[in-house]
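Coordinate analysis (summary)
If you want the building blocks of each chain, they are given just below.
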Amino acid sequence: CGPAPAFSPRLSFGGPILGIIFAIFMSSWLGYLFNKPIMEVSVTFLVPYVLFYTAESSGLKVSGILALVALGLYMSGFGKTRISSESDHAVHAFWGLLGFVAETMIFLISGVIMGKRLLGSDSVVEIEGRDWGMMFVLYISLHVVRGLMVLLFYKILQRYGYSFDWRKGIVLTYSGLRGAVGLVLAMIVWDAHELDSKVRSKVLFHTAAIAFLTIMINGTTAGWVVRKVGLSRQSEGEKQMFEQMVKHMVVESHLHACNTLAKDRFLNAVNWEEVNKMIYVPGYEKVLVYDDHTANTTVMKKELSEIHTLLRLASTKKEEDPEESFSG
């Protein structure tokens, strides 16, 4: 067996432990920075990079992927509040762009490598005909294994977190995409020249094939599965609650905007009645016609009448005290 029994625990548990240590350090570092977007973005980029290098290239020899996962879980659960509110958007935008570029480069590089292996002179030796059949066997097997894992933890998922039932279990089993992370691991294996070239090529081939199949099949049909099991349907109570919230938000935002602008002394010369006529709030006419004989319409009309009253008072105030705008 060699060093595998001693190496596996260190690889499995050493990575998460190292990731949590780095996460605590990064969280503390971010706590000293306040409303400094450039510095906070730099910290969130530097620490994961140093963590992966330390895990993979130093004498520790632990899993860099697991270390990064532990770092991300800790920051998501405990460390995200250390990022300043003014820097949150900058950090989110930076990592969104970086993630897009990284995934694009991963798929591009793996595609170039796969093209060379499949179309090159050594493709006949390394990628055999049965590998194409095993590709589909592996694709089906992964769904079976994922379904068994969901079934194994079914009771736990029901008791903790969001509500969980068989419909969500089907979607969870079907929607697992194997993409960038798997390809990165496969390219790490492919770059390990101490391994046999045939083994490295087969690992990269099957990983890329599974990523392709799950994206093309699962990714394009996941919406159909969600609709088929009934997760996209809303109950009447949910629909009514959503409509009431939309109505309330529209009226409140309109009322708040008019109230704020009418108090501005620099806008005393504005004819608010004309402004109100020109403002089109999507859904007003539809809502009033749809609920014409319900109590909800009375509430809407009452709230809209408050807006009109406020506008009339603003116009009256403008006519009675035209020089108030110059009183400052």
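Residues numbered from 1 in each chain as written. Predicted model: local features only at pLDDT ≥ 70, side-chain atom pairs only at ≥ 80, totals over all residues. Heavy atoms only, no water.

Let us now look at the overall build of the chain. Of the regular secondary structure elements, the chain holds 14 helices and zero strands. Tracing the chain from N to C terminus, the helices and strands come up as α-α-α-α-α-α-α-α-α-α-α-α-α-α. Burial statistics for the chain: of 328 residues in total, 29% are counted as buried. For the chain, long-range pairs separated by at least 24 residues make up 72% of all intrachain contacts whose partners lie at least 6 apart in sequence. (Helix = DSSP H or I, 4+ residues; strand = E, 2+ residues; numbered from the N terminus. Buried < 20%, exposed > 50% of the residue type's maximum accessible area, 1.4 Å probe, protein only. Contact = heavy atoms within 4.5 Å.)

Here the focus is the nonpolar core. Formed by 17 residues in total, the largest nonpolar core has its most connected members in Leu 18, Met 26, Leu 30, Val 43, Leu 51 and Leu 71. Elements represented by at least two residues in this core include exactly helix H1 (4-31), helix H2 (37-57) and helix H3 (64-79). The next biggest cluster of nonpolar side chains, apart from the first, holds 16 residues, and it includes Ile 106, Ile 113, Ala 208 and Ile 210. (Core = buried A, V, L, I, M, F, W, Y, C linked by side-chain atoms within 4.5 Å.)

If you walk through the whole model with that rule in mind, you get two salt bridges. Note that Lys 202 is salt-bridged to Asp 131, the shortest N-O span being 2.5 Å. With Lys 202 in helix H10 (residues 197-229) and Asp 131 in helix H6 (residues 129-152), this pair connects stretches of sequence that are 71 residues apart. On the basis of relative accessible area, Asp 131 is assigned to the buried category, the value being 5%. For Arg 167, the salt bridge goes to Asp 165, with nearest N and O atoms at 3.3 Å. With a relative accessible area of 21%, Asp 165 lands in the partly exposed category. (Salt bridge = Lys/Arg side-chain N within 4 Å of Asp/Glu carboxyl O.)

With that out of the way, let us pick up the environment of Ser 232. Here Ser 232 shows up in the loop between H10 and helix H11 (236-262). Relative accessible area serves as the criterion here: at 44%, Ser 232 is assigned to the partly exposed category. Not counting residues within four places of it along the chain, the set of residues in contact with Ser 232 comprises Val 226 and Arg 227.

All chains considered together, the criterion is met by eight aromatic pairs. With 5.6 Å between their ring centres and 50 degrees between their planes, Phe 25 and Trp 29 make a pair best called tilted. Of this pair, Phe 25 and Trp 29 both sit in helix H1, four residues apart, which is roughly one turn of that helix. Of the residues examined, Trp 29 reaches a relative accessible area of 31% and is grouped as partly exposed. Cluster of aromatic residues (ring-pair linked, three or more members): Phe 45, Tyr 49, Phe 94 and Trp 95. (Phe/Tyr/Trp six-rings, centres within 6.5 Å; stacked < 30°, edge-to-face > 60°.)

The subject of this paragraph is unusual backbone geometry. The residue Asn 35 is not glycine, and still its phi comes out positive at about 55 degrees. Within the element layout of this structure, Asn 35 appears in the loop between H1 and H2.

To continue, consider the packing of helix H8 (residues 166-174) against H10. Where H8 meets H10, the axes come as close as 10 Å, and the angle between the chain directions of the two elements is 175 degrees. The angle between H8 and H10 falls in the class roughly antiparallel. Taken together, the residues of H10 that come into contact with H8 (itself represented by Arg 167, Ile 170, Val 171 and Tyr 174) are Ile 217, Asn 218, Thr 221, Ala 222, Val 225, Val 226 and Val 229. (Axes fitted to C-alpha atoms, helices over the stretch in contact; angles between N-to-C directions. Parallel < 35°, antiparallel > 145°, perpendicular 65-115°, else oblique.)

Okay, the packing of H6 against H8 next. Between H6 and H8, whose axes approach to 9 Å, the crossing angle comes to 145 degrees. Along this stretch, H6 crosses H8, giving a crossing that reads as right-handed. On H8, the residues that touch His 143, Arg 146, Gly 147 and Val 150 of H6 are Gly 169, Leu 172, Thr 173 and Tyr 174. (Left-handed = near helix turned anticlockwise from the far one by under 90°.)

When pLDDT is averaged along the chain, the result is 78, and 77% of the positions lie at 70 or above. Every residue in residues 283-302 is under pLDDT 50, and counting partners more than four places away or in other chains gives 22 contacts. (pLDDT = per-residue confidence, 0-100.)

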